[in-house]
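Listed here are the chains, written in short residue letters.
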Amino acid sequence: MILRTTDSRTRPTLRRVRSTTALRPLHHRLDPARVEEIPFRADDGVRLGLTRVDSGDTDRPAVLLLHGHTASADMFLLPETRNLVDVLLDDGYEPWLLDWRGSCRLPYNETGQKYTYDDVALYDIPAAVAHVRGRIGDRSLFVVAHCVGSLTLSLSMTAGLVPGLAGVVSQGVFLTPKLAGRTSLRMSLAGELLRSRLDHIPVDIRKAGLWSKYTPLFALASRGASCPDPTCQILHNSAWGTGASLFVHEHLSEATHHRLAELLGPAPLWILPHLRRIELARTVVRWHDGDHRYRALPQNALDAAARIDTPVLLLAGSENGLWLDSQKLCHDVLARRQPQLDVTYTEIPGYGHLDTFLGRGAALDVFGHILEFLGERR
């Protein structure tokens, strides 16, 4: 493992942790006048980020973009490539981007009040949808959601909290999460062995410190890795220590590869019990059973799937090294249990998980499927 660090004979600097809820600036190449950052809080008072990209046309359908856990709205705005926001603008849509509480633009994965995916489904997503609708009036509203953003959206949808969407594109995982056996095992071990010692797993060894309690995790992630960069190793070769892979390496441009520590942040370990329960159930289940505040959410989202009232496109790369064939499984299960639903499945040959959005060729290989789905329903 090749590490870029300061002189090891000096004492490592203290890790800087953001203690305020100020959003880190978005990294984009749009005209700043077109990017409207909207002060926004979830219904439980937690500060989030909501961004509107002004299309200059008030008649366009709106598309709300939901990132995955530890990612952020930045994943849809890569300035080094033709990104999803570019494509949506050119095709006549108005993009909106939500940084929910799992965003690396916010400090909650490292500091602050702990949360579960129930909070995202109950508070973050419905509030964002309501705010966007308050701005766009009777225009159509679509959602494109990635990974855990999609998983939590499925819980909001089956709770009936976001009715009347024009269509939903779900990437990576939706109602039926499926992990590889070794990933599931490592997640269980991490939950039992590490949660009492660590709050989160970082991705940037330069911030964590070379001689820190996280060093063994980076060393483990480097085993068998073909890339010398420690951040790439812990994401591509290990997925925060789970043994999964988040992307097909050769699909990333050099610029995107250098920005991985900015695009993906620390993974909180205290979320693992809820994720583990979801994985064992092979569907999205509510964490809070005894708290009346969460009774609006179904105990089991798959059992409540009949409440989905919008067309859904299940999208996945054929080489998804994290969620495997979860989307195909979801399509097959829904076709059998809820045949009245409008659910389609599209597999992207040769793509993994994150590179469906971050890949330098995603505009050619992936985004056309999204535009086709949206265009048929706008």
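Please refer to the structure placed before this passage.
None of these values were measured; they are calculated from a predicted model. (Residues numbered from 1 in each chain as written. Predicted model: local features only at pLDDT ≥ 70, side-chain atom pairs only at ≥ 80, totals over all residues. Heavy atoms only, no water.)

Turning to helix α3 (residues 148-158), a few remarks are in order. Most of α3 sits inside the fold, with 11 of its 11 residues counted as buried. When we look at burial in α3, the residues that qualify are Val148, Gly149, Ser150, Leu151, Thr152, Leu153, Ser154, Leu155, Ser156, Met157 and Thr158. Glycine 160 sits one or two positions beyond α3 and adopts a positive phi of about 75°. (Buried < 20%, exposed > 50% of the residue type's maximum accessible area, 1.4 Å probe, protein only. Helix = DSSP H or I, 4+ residues; strand = E, 2+ residues; numbered from the N terminus.)

Quick look at the pattern of salt bridges now. Across all of its chains, the model carries 24 salt bridges by this definition. Taking the shortest distance from any N to any O, the salt bridge between aspartate 342 and arginine 377 comes out at 3.9 Å. With aspartate 342 in the loop between α11 (326-337) and β10 (343-348) and arginine 377 in the segment after α14 (367-375), this residue pair connects regions lying 35 residues apart in the sequence. Connected via shared salt-bridge partners are Glu36, Arg52, Asp54, Glu94, Arg135 and Arg139. (Salt bridge = Lys/Arg side-chain N within 4 Å of Asp/Glu carboxyl O.)

All right, on to the layout of surface pockets then. There is about 610 Å³ of room inside the second largest pocket. Taken together, 34 residues line the second largest pocket, and the ones lying closest to its centre are Ala239, Trp240, Thr242, Ala267 and Leu272. Mapped onto the lining of the second largest pocket, the elements with two or more residues apiece are α4 (181-193), α6 (215-221), β8 (267-268) and α10 (272-281). The greatest single-element share of the lining of the second largest pocket, amounting to 5 residues, is contributed by α4. (1 Å grid on protein atoms, 1.4 Å probe; cavity = no way out; pocket = protein on both sides within 12 Å on 5 of 7 lines; lining within 4 Å. Points joined across faces, edges and corners; volume = space filled by probe spheres on them.)

Going through the model one piece at a time under the given rule, you end up with 5 aromatic pairs. Look at tyrosine 115 and tryptophan 270: their rings are 5.0 Å apart centre to centre, the planes differ by 80°, and that puts the pair in the edge-to-face class. In this pair, tyrosine 115 is assigned in the loop between β4 (94-99) and α2 (117-136) and tryptophan 270 in the loop between β8 and α10, connecting sequence segments 155 residues apart. Of the two residues examined, tyrosine 115 and tryptophan 270, each falls in the buried class. Plain terms: the ring middles of tyrosine 123 and tyrosine 294 are 6.2 Å apart, the flat faces sit at 70° to each other, and that makes the pair edge-to-face. Of this pair, tyrosine 123 sits in helix α2 while tyrosine 294 sits in the loop between α10 and β9 (312-317); the two residues are 171 residues apart in sequence, bridging distant segments of the chain. Owing to a relative accessible area of 4%, tyrosine 294 belongs among the buried residues under this scheme. An aromatic cluster is defined as three or more aromatic residues linked by ring pairs; in this entry it consists of Phe76, Phe357 and Phe367. Above the ring of tyrosine 93, the side-chain terminus of arginine 378 is found at 4.3 Å from the ring centroid. (Phe/Tyr/Trp six-rings, centres within 6.5 Å; stacked < 30°, edge-to-face > 60°. Lys NZ or Arg CZ within 6 Å of the ring centre and 35° of its normal.)

Our focus in this paragraph is the side chain of serine 238. Within the element layout of this structure, serine 238 appears in the loop between α7 (230-236) and α8 (254-258). If we ignore the near neighbours within four places in the chain, the residues touching serine 238 are Ala221, Gln233, Gly243 and Ala244. (Contact = heavy atoms within 4.5 Å.)

Here the focus is unusual backbone geometry. Of note in the backbone geometry, threonine 70 takes a positive phi value of approximately 75° without being a glycine. Inspection of the secondary structure puts threonine 70 in the loop between β3 (62-66) and α1 (84-90). In this structure, cysteine 147 takes a positive phi of about 55° despite not being glycine. Tracing the sequence through the fold places cysteine 147 in the loop between β5 (141-146) and α3.

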